[in-house]
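Chain by chain, the residues:
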Amino acid sequence: QVQVIESGGGLVQAGGSLRLSCVTSGRTFSSSAMAWFRQAPGKEREFVATINWIGRTSAYGDSVKGRFTISRDNGKNTVYLQMNSLKPEDTAVYYCAVGVTRYGSSDSSNYIAWGQGTQVTVSS
């Protein structure tokens, strides 16, 4: 069974930074794409970023391009999301997801396991 555990969320002022981490176990991490999604209250889940199995290709949602960076360390079974220039509209629960294949996707149906989420709150 795949376990996915996110950490690093918190409260930050607008313009600040946070780094989220996600550790997985139970599945070969290095052969899976990874992704971050988020969901704000009353809104649908939104794609944030994805990275392929070796970390050479990444993609981002339009709302976070240029501000967020996804990376991974296969030796630590960990994926990261560096979030800079945070805005109040970035406030959401952020979820880490393990891909079915090696290749990243913005489609949530391509992910086989999800964490419980970590809350990010950006104050104005």
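What counts as what
Residues numbered from 1 in each chain as written. Predicted model: local features only at pLDDT ≥ 70, side-chain atom pairs only at ≥ 80, totals over all residues. Heavy atoms only, no water. Helix = DSSP H or I, 4+ residues; strand = E, 2+ residues; numbered from the N terminus. Buried < 20%, exposed > 50% of the residue type's maximum accessible area, 1.4 Å probe, protein only. Pairing = 2+ DSSP bridges. Axes fitted to C-alpha atoms, helices over the stretch in contact; angles between N-to-C directions. Core = buried A, V, L, I, M, F, W, Y, C linked by side-chain atoms within 4.5 Å. Contact = heavy atoms within 4.5 Å. Salt bridge = Lys/Arg side-chain N within 4 Å of Asp/Glu carboxyl O.

Novice: Tell me about the overall build of the chain, residues and numbers included.
Specialist: What the chain contains, in helices and strands, is 0 helices and 11 strands. When the helices and strands of the chain are listed from N to C terminus, the series reads β-β-β-β-β-β-β-β-β-β-β. Based on the C-alpha atoms only, the size of the chain along its principal axes is roughly 40 × 25 × 25 Å. Scored against the burial criterion, the 124 residues of the chain give a buried share of 44%.

Novice: Give a description of the sheet that holds strand E3 (residues 18-25) that names residues and reports values.
Specialist: If you walk across this open sheet you meet the 4 strands as E1-E3-E8-E7, and the pairing is antiparallel. Bordering the open sheet on either side are strand E1 (3-7) and strand E7 (68-73), each of which pairs with just one other strand. Averaged over all pairs of adjacent strands, the angle between strand axes in this sheet comes to 15°, irrespective of strand direction. Pairing of E3 with strand E8 (residues 78-83) involves 6 bridges; the strand directions are antiparallel. Within E8, the residue paired with Arg19 across the bridge is Gln82.

Novice: So what's going on with the nonpolar core? Which residues, and what values?
Specialist: By size, the foremost hydrophobic cluster in this structure holds 27 residues, and its most contacted members are Trp36, Val79, Leu81, Met83 and Tyr94. Ranked by residues supplied to this core, first place goes to strand E9 (residues 92-99) with 4 residues. With residues up to four places along the chain from it excluded, the contact list for Leu81 reads Leu18, Arg19, Leu20, Trp36, Val48, Ala49, Phe68, Thr69, Ile70 and Tyr94. Counting 5 residues, the second-largest nonpolar core is a separate cluster that includes Ala35, Phe37, Phe47 and Ala97.

Novice: Can you break down the pattern of salt bridges residue by residue, with the values?
Specialist: Tallied over the full model, the rule gives 4 salt bridges. Here Arg38 and Glu46 are joined by a salt bridge, their closest N and O atoms 2.8 Å apart. Glu46 sits in the partly exposed class, given a relative accessible area of 31%. Among the salt bridges present, the one from Asp62 reaches Lys65, with a minimum N-O distance of 3.1 Å. Salt bridges here are not isolated pairs; linked through shared partners, they connect Arg38, Glu46, Arg67 and Asp90.

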